[in-house]
Amino acid sequence: MKFLIKAAVLAAALGASTLASATTFDFSYSFTDGQELTGSLEGTLNGTTISNISDISMALNGTSMSGGVGPLQVVSWNTSKTAFDDTVPATISTVGAQNNFGIADVDMATSTSSDYFFSYVNDPKVGGVNALAANFLVTDAKGNNPQAFDFTGEGAWKIAPVPLPAALPLLLSGLGLFSIGRRRLAK
Amino acid sequence: MQAKLNTLRPSGVALAVASTLALCTTDAFAAQSVVRGTVGGAYFTSPVFADIAAASSGSSTVASVYSGAKVCFDLNDNGVCDSGEPFTTTGADGSFALTSKSIAPLVAEISTSATNNGKPVTSRNVFRVKQDQIASSTVSPFLPAAVDITPLSTEVARAVENDGVSFTQAVNNLAQRIGVSSADVLKAPTNVTNPSELTAVLKESVIDTGRFELAAKFVDRGDTVGELRGNFDCPNVASFDATNANSCPASDQATVGIKAAQNWAMNLEGIPRYDYVFLIIEENESLNSLKDNADIPYINALLDNGSQFYNYYSTGHPSEPNYLALGSADDWGQTGDEAIPYPAITGVRANLSNAVDAKGLGWRHYEGSLWPSPAGTMANTGASSWNAKTGGAFFDNPAETSILGNDSSTYGSSLVAKKHNTVVWFADVTAQPNFLANERSIAGTGTDLDGNPIPYGFTTSTSPLTDGNGAVSTGNWDNALQNYATSNNIKSWWTNNTQPWTQDQFKLDLASGDIGNYNVIVPDQDDDMHNLKPNARADYWAKNVIAKIQSSAIWKDPTKRVAIVVTFDEGESATTACCGWNPQRSGNAASQPVQVAADGTVSTVSGVTGNESFNGAAYSSPYANGNHGHGVTLFGVTTNQQVLGTAPHGHYDTDYYSHFSFVRTVQDMFGLADPGQPSTYMNRSKYTETFIQQNATLLPEFANTANPHFDGVRAMNHVYQFPAGVSRVVAAGGVTAPVSTGPDSDQVNLWATK
């Protein structure tokens, strides 16, 4: 009986978490020149705001941003200080124009150099839209590091919970446990 | 986009996080960098020069952007976009964005495949941005610094590297010099919204663009330091001038990179760029009649406190050929005064006025005691033909008994001599739409610009004119002429008859800053020593005019470079000449001037016709009557850099120079010619020793010379050092120089600014 209750609670919790807010999000930013930044992260969605961000991965034009100084981390852009700020937890918005954050392999609030980064800032004090990404560990065919910029207009920003195919196994496994519990109870 | 760029730039971007700044400026490779901006400048449409007004037009300038320019982070700071350095190409709007793992200066390579204002770039150029400029605009190394790459950002970079000033000082100096805010001086002109600031930025952009185009040529051609610094014995001329030639040391044979070339472009042949030059032309005196003459103490003090040239030769006799020479480095075969029919010089002939216009600069010609004469009218029956030909500008004057001077004498005929004019002779100048606006009045009376009296203060016993009360009649006619103009409601031709005539427009122009870059000043014939010989009156006139210049804001501003030159049109009673002018040597008349085509072909100029002195008889080979020169006269220089700054003064130069040398020097000073291309120097100012040697068959007047150095033109840069044991040519009209054999006591460049 105890097992049955536990399994039911677990399944309910898993199912509820999957339906209310996703742990894993996929995101992408399509620059106006056609370049694309993609990635994923884990966080907590509340309305249009994602917090508790961790486990970030990114790629620019399909090339992974990896092998840098450290794991990717996010910091917020503080519009009051006109600076990146690591003293408050960063958030990411599902609405592109509301974003003010940066992701890099270093703490962008204190470091002056990274191996790769993505800045996404909307602040009139710095000219409005600033979406830019670069990967200094890679060299393209022209001998340049891949880099992309949007200043004059905003590209397409998308971030969404990882879709069902990823969450479904969790729900099914919860239901499976519940089912096993019921059978044991029946026996 | 522009609006966004502007919001990035407010001085508040001095927000530019101090810590970031520190990191960026102290360790070149400690920080990454993101930049975005515009490669911008000016698009200059040159004037069209023709000898009729209908075919002539003035210049115009618009703010522009460069599309297709290669922009890179110059990681090794060599001024070149090398392989492996992050780069991008500017878009159609001139914009770029670029990031680099390491902050570094920016370079914009503007090739002939790029466009300026949508039109093909005709001459390669390189613009630069100092790393400090990026740092000063950087808010975060993860966000773009707004940085425009312009001719002015390049000038700032050059100044930081060569003038011993910090980046901030260089920016502030440039801003002050051209009269714009420091916040706007480094913006691409397309981002400058204040109209007056835009005008100033555009003018400086045109000037700097031209200079830096030259720099790119220096690099692309492999020009040597010797050529660029004006060592006219490089390449070595010892093969044909063993006695006089200097060496051409290895350092002078080295080529230069773009950064050094850009500094040489601001110091062509060793002549620093100046912002304003005032040339005061006096009349008919040899140096030996002027030097230490107690009747002209002020001019002698100028020589002693400023700089003086001991072997400066006039090029002819009488006056007019010398004024032509000062205006164009040739007298065009004119051997007399006031050639009729006017204009004396037809066709399109190179001259300083048009050359200055062609580079986006300005010129003025100020004449003393001008007869009040509105444009487009016949002011006087006897001169109506001349007046009509000049559009109403009246450079001669009637005998007007109603005009009484300070000494009660009447305003005599030809007090103002039209022959004393470096400009009016050229049909292609008078046909320009700005001609009348640039010919203006000047007076030798009144206070300085601060309202202070300019005391007479001379105590010599030979003051030639008095007003009956023992005072010298300086500025004899100015008040009477002004009263006449006012009473008769005469308007000025230089305002196209829109403003009242002013007898001292020069003073008003100095006060407003509306002055030419190149200003020729000619007193009347009582004030220029022509009628009255060396005297305190003429000395005072020069003192009065120079006091006005020296009380002006442009003179007092150390960021501006201002030079005042006092010289004379001709010497006296001598027939010697040097430096590009030696007709009738060995029986040869002077040849027609030599020109060099774009493909390097050298030929004599055709179609030059002239008129015999006074009698008006035309002749087909004007130079057959050639002038012989008229000996040595005075040439003194004083600059505001000597007075306000650390420029050397009290030095002398005994090398040989002539009016042609001065014209060459002016071309260097204002960036009007290319030292690597002899053809770009006008008329006989291109006759360097090497050029004469290489084109001997076209220049027979120099055949069998005993002293090729004496015959050659050079910039007045004091680079040439007389070899030990070599004596100076004994100069007719000259004085004993401090050194007459071997090197001068030093080789200081008398135009030096520091």
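Residues numbered from 1 in each chain as written. Chains lettered and ligands numbered in written order. Predicted model: local features only at pLDDT ≥ 70, side-chain atom pairs only at ≥ 80, totals over all residues.

Some thoughts on the packing of helix 11 (residues 297–305) of chain B against helix 19 (residues 536–550) of chain B
Residue and element names in this part refer to chain B. Rules: Axis geometry follows a simple rule: fit a line to the C-alpha atoms, using only the stretch in contact for helices, then measure angles between N-to-C directions, giving values from 0 to 180 degrees. What counts as a helix is a DSSP run of H or I of at least four residues, what counts as a strand is a run of E of at least two, and both are numbered from the N terminus. Reported orientations rely on four angle classes, namely roughly parallel under 35 degrees, roughly antiparallel over 145, roughly perpendicular from 65 to 115, and oblique for the rest. By the convention adopted here, residues make contact when the C-beta atoms placed from their backbones lie within 7 Å. In this classification, Asp, Glu, Lys and Arg are treated as charged, Ala, Val, Leu, Ile, Met, Phe, Trp, Tyr, Cys and Pro as nonpolar, and every other residue, Gly included, as polar.
Contact geometry of helix 11 with helix 19 gives a least axis separation of 7 Å together with a crossing angle of 55°. Between helix 11 and helix 19, the angle falls in the class oblique. On helix 19, the residues that touch P297, Y298 and I299 of helix 11 are D539, A542 and K543. Class assignment for the residues of the contact of helix 11 with helix 19 results in 4 nonpolar, no polar and 2 charged.

Topic: the interface of chain B and chain A
Every contact between the two is made by 27 residues of chain B and, on the other side, 27 residues of chain A. Among the elements that take part in the side of chain B that touches chain A, helix 1 (residues 2–8) of chain B stands out by supplying 4 residues, more than any other. Looking at the side of chain B that touches chain A residue by residue, the class counts come to 17 nonpolar, 7 polar and 3 charged.

A few points about the sheet that holds strand 10 (residues 125–129) of chain B
All names here are of chain B. Selection criterion: For two strands to count as paired, DSSP must find a minimum of two bridges between them.
Spatially, the 4 strands line up as an open sheet ordered 5-4-7-10, and their pairing is antiparallel. At either end of the open sheet lies a strand with only one pairing partner, and these are strand 5 (87–89) and strand 10. Between one strand axis and the next, the sheet turns through 20° on average, direction left out of account. Pairing analysis gives 3 bridges linking strand 4 (residues 70–73) to strand 5, with the strands arranged antiparallel. Across the sheet, residue V71 finds its bridge partner in strand 5, namely T88.

Side note on the sheet that holds strand 10 (residues 128–135) of chain A
Strand pairing in a sheet relies on backbone hydrogen bonds. The paired strands run either parallel or antiparallel. Residues and elements named next belong to chain A. As summarised here, the arrangement of the 6 strands in space is 6-5-8-9-10-11, forming an open sheet in which the pairing is antiparallel. Each of the sheet's edge strands pairs with one partner strand only, and the pair in question is strand 6 (83–85) and strand 11 (147–150). Going from strand to strand, the sheet's axes swing by 20° on average, the running direction of each strand aside. As paired strands, strand 10 and strand 11 are joined by 4 bridges and run antiparallel to one another. Bridging from a neighbouring strand, A134 pairs with Q147 of strand 11.

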